[in-house]
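Here is how the chains run, residue by residue.
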Amino acid sequence: MTVPHPLDNPVLSSLTGPHARFAERCGNVLRYPVDVCPFLALPDEPGEADWTDAARLAGPGGWLPLAAPRFQPPAGWKVMMIGEGFQMTGDHLDVTADPEAAPLGPADVPEMLELTARTKPGPFLPRTIEMGTYLGIRRDG
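Fair warning: this is a prediction, and the values are worked out from it, not measured in the lab. (Residues numbered from 1 in each chain as written. Predicted model: local features only at pLDDT ≥ 70, side-chain atom pairs only at ≥ 80, totals over all residues. Heavy atoms only, no water.)

## Some points on the side chain of aspartate 53
Counting through the fold element by element, aspartate 53 comes out in helix 2 (residues 48-58). For aspartate 53, a relative accessible area of 11% translates into the label buried. In this structure aspartate 53 touches Cys26, Gly27, Asn28 and Val29, once residues within four positions along its chain are discounted. (Helix = DSSP H or I, 4+ residues; strand = E, 2+ residues; numbered from the N terminus. Buried < 20%, exposed > 50% of the residue type's maximum accessible area, 1.4 Å probe, protein only. Contact = heavy atoms within 4.5 Å.)

Following this line, the structure appears as C-alpha cells:
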C-alpha cells in the first residue's frame, strides 16, 4: 500500500494536522471556518455519505472549493470551475532574512485585506492571519 503524501490532499492533511484547531467536521468531511479559509476537505476516496456531509457543511447553495485530486461528483452536482495550481514547498530555496520584513498581526488585517482585494492573490479573509506567520514590507505607506 502506498502512503499518500500530505500534499496529495493538502486541506485534509492540514485540518487533521497543524490546523486541526480550525476544523469544522461533518462525518469524514472537514472545512475551515468561512472567515478563515474557503476550502473543504473530502477523504481521498469519498463515498456517497461524504458528499452528503459536504453538502451539509457547505449549506444550501454553497460552494465546495477543494484543493485535492479531482473527484467525480455524484449525479446532480455541478462542477463550476476547475483550476490548475502548483504546490510550492520551498524545499530548495536559498533564503536570507530581509531587514525590511516585519511580522504582521491582527492590527494589520484591514491593510492586508485591502491589499489582497487590490491584487487578488487568492483567498485572504478576516481570520486568515490565524493560520500562521505573515510578514510584510511597508514602503511609502
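Next comes the rest of the write-up.
## Remarks on the sheet that holds strand 1 (residues 24-26)
The strand order across the open sheet built from three strands is 1-2-3, with neighbouring strands paired in antiparallel fashion. Across the chains shown, the open sheet's two edge strands, defined by having one partner strand only, are strand 1 and strand 3 (40-41). The pairing of strand 2 (residues 29-31) with strand 3 spans two bridges and is antiparallel. Looking across to strand 3, one finds that leucine 30 is bridged to alanine 41. Relative to strand 2, helix 2 is tilted by about 25°, and along the sheet it contacts strand 1, strand 2 and strand 3. (Pairing = 2+ DSSP bridges. Axes fitted to C-alpha atoms, helices over the stretch in contact; angles between N-to-C directions.)

## Let's talk about the state of the cysteines
Inspection of the entire model under this criterion finds zero disulfides. Take cysteine 26: it sits in no disulfide, and the sulfur closest to it among the cysteines is that of cysteine 37, at 19 Å. Assessed through its relative accessible area of 17%, cysteine 26 is described here as buried. (Disulfide = S-S within 2.5 Å.)

## Section: the packing of aromatic side chains
Across all of its chains, the model carries three aromatic pairs by this definition. Considering the side-chain rings of tryptophan 51 and tryptophan 77, the 5.1 Å spacing of their centres and the 70° angle between planes classify their relative orientation as edge-to-face. Of this pair, tryptophan 51 sits in helix 2 while tryptophan 77 sits in the loop between helix 2 and strand 4 (102-103), and the two are 26 residues apart along the sequence. The exposure class of tryptophan 77 is partly exposed, given its relative accessible area of 33%. Seen in terms of ring centroids, phenylalanine 124 and tyrosine 134 are 5.6 Å apart; in terms of plane orientation they differ by 85°. Their pairing is edge-to-face. Within this pair, whereas phenylalanine 124 is found in the loop between helix 3 (109-119) and strand 5 (135-136), its partner tyrosine 134 is found in the loop between helix 3 and strand 5, the two being separated by 10 residues in sequence. (Phe/Tyr/Trp six-rings, centres within 6.5 Å; stacked < 30°, edge-to-face > 60°.)

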